[in-house]
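Overview (structure and organization)
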Amino acid sequence: MQLFGGKQHLNTWLEEAKQGKYHGQKAIFDLLSPKMYAVCVRYMGDREIAQDVLQDGFVTLFTKLESYSGEGSFEGWARKIFVNTALMALRKRDVLKESEDIETAAGVAGSPTQVMDEIGYKELTALISELPPGFRTVFNMYVIEGYSHKEIAESLGISEATSRSQLLRARALLQSRIEKKEY
């Protein structure tokens, strides 16, 4: 993470924010909001809803700021808060109620093709945001955030098989849309 004034400024901002001072909170917001908004959009698939999740995430971040120990990356610590905030919003919307276990899933495409290499970041991000919520959530958690199927299952209250099925279906749908040049 590129800091405007280096780690010293971040530490100053963190101390100010912990004390409830506007300057520190604003500096942290300005530093994190572009990346965390992108995380929220990726999970929610809707920019307006993502704005709400971003706001909720910052409320949580500033509420829990005292628990940040200074160990490890502050951005990584913050990212977990925003991912969890997005997951809570998705749980409230019950996005996985239509999910199927992998054992009952049929017709899932095989391995990805070279077409994936031909698509740019913006096009891929747009395609991911258009995935059905359950597919998008599992895809983001597994491929982008690096969660295991076990962690995804525990976080979303689904089975590991459902997590695998959602990932396979997400990949197949993305592959199909890319091959058909639907972006």
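Above this text you will find the structure in question.
Scoring rules and cut-offs
Residues numbered from 1 in each chain as written. Predicted model: local features only at pLDDT ≥ 70, side-chain atom pairs only at ≥ 80, totals over all residues. Heavy atoms only, no water. Helix = DSSP H or I, 4+ residues; strand = E, 2+ residues; numbered from the N terminus. Buried < 20%, exposed > 50% of the residue type's maximum accessible area, 1.4 Å probe, protein only. Contact = heavy atoms within 4.5 Å. Patch = residues over 30% accessible without salt bridge, like charges linked within 9 Å, V, L, I, M, F, W, Y side chains within 5 Å. Areas by Shrake-Rupley, 256 points an atom, 1.4 Å probe, with all protein chains shown as cover. Salt bridge = Lys/Arg side-chain N within 4 Å of Asp/Glu carboxyl O. Axes fitted to C-alpha atoms, helices over the stretch in contact; angles between N-to-C directions. Parallel < 35°, antiparallel > 145°, perpendicular 65-115°, else oblique. Nonpolar A, V, L, I, M, F, W, Y, C, P; charged D, E, K, R; others polar. Lys, Arg positive; Asp, Glu negative; His and termini not counted. Charge placed at Lys NZ, Arg CZ, Asp CG, Glu CD. Expected span 1.5 Å × (residues − 1). Left-handed = near helix turned anticlockwise from the far one by under 90°.

1. Focus: the overall build of the chain
- Within the chain, the regular secondary structure consists of 8 helices and 0 strands.
- Each helix (α) and strand (β) of the chain, taken in turn from the N terminus, gives the series α-α-α-α-α-α-α-α.
- Burial status across the chain gives 41% buried among its 183 residues.
- A sequence separation of at least 24 residues applies to 70% of the contacts in the chain between residues at least 6 apart.

2. What to know about a nonpolar patch on the surface
- Taken together, the side chains of Y142, V143 and I144 present a nonpolar region at the surface, about 220 Å² in accessible area.
- Tracing the sequence through the fold places V143 in helix α6 (residues 133-144).

3. Some thoughts on the pattern of salt bridges
- Across all of its chains, the model carries 6 salt bridges by this definition.
- Between D30 and K26 there is a salt bridge, with the nearest N and O atoms lying 2.9 Å from each other. In this pair, D30 and K26 are both assigned in helix α2 (residues 22-44), 4 residues apart and thus about one turn of the helix distant.
- What makes D30 partly exposed here is its relative accessible area of 35%.
- The class for K26 is partly exposed, based on a relative accessible area of 35%.
- Between K35 and E75 there is a salt bridge, and its shortest N-O distance comes to 3.4 Å.

4. Points about the packing of helix α7 (residues 149-156) against helix α8 (residues 160-179)
- Where α7 meets α8, the closest approach of the two axes is 8 Å, and the angle between their N-to-C directions is 105°. Relative to α8, α7 is oriented roughly perpendicular. In this structure, α7 uses H149, K150, I152 and A153 to contact α8, whose residues at the interface are E160, S163, R164 and L167.
- When its residues are assigned to classes, the contact of α7 with α8 shows 3 nonpolar, 2 polar and 3 charged.

5. Points about the environment of F139
- Along the chain, the position of F139 falls in helix α6.
- When the C-alpha positions of F139 and R171 are compared, they lie 7.8 Å apart, and in sequence the two are 32 residues distant.
- Filtering out sequence-adjacent residues up to four positions away, F139 remains in contact with I128, L131, I144, L167, A170, R171 and L174.

6. Quick look at a negative patch on the surface
- On the surface, a cluster of negative charge is made up of D46, E48, D52 and D56.
- Among the secondary structure elements, D46 is positioned in the loop between α2 and α3 (47-64).

7. A short note on helix α4 (residues 74-93)
- For α4, which comprises 20 residues, the first-to-last C-alpha distance of 29 Å matches the rise-based estimate of 28 Å (1.5 Å per residue) to within 8%.
- Every buried residue of α4 is listed here: F74, E75, W77, A78, I81, F82, V83, T85, A86, L87, A89 and L90.
- Looking one or two residues beyond α4, the residue adopting positive phi is D94, at roughly 50°.

8. Comments concerning α8
- In this model α8 runs 28 Å from its N-terminal to its C-terminal C-alpha over 20 residues, within 8% of the 28 Å that 1.5 Å per residue would give.
- Residues of α8 that are buried in the fold lie against α5 (121-129), α6 and α7.

9. Considering the packing of α5 against α8
- For the pair α5 and α8, the least separation of the axes is 10 Å and the interaxial angle reads 130°. Put simply, α5 runs oblique to α8. Remark: the crossing between α5 and α8 carries right-handed chirality. Counted together, L124, L127 and I128 of α5 and L174, R177 and I178 of α8 form the full contact between these two elements.

10. A word on the environment of A38
- Here A38 lies in helix α2.
- For A38, a relative accessible area of 35% puts it in the partly exposed group.
- It is 8.5 Å that separates the C-alpha atoms of A38 and A50, two residues lying 12 residues apart in sequence.

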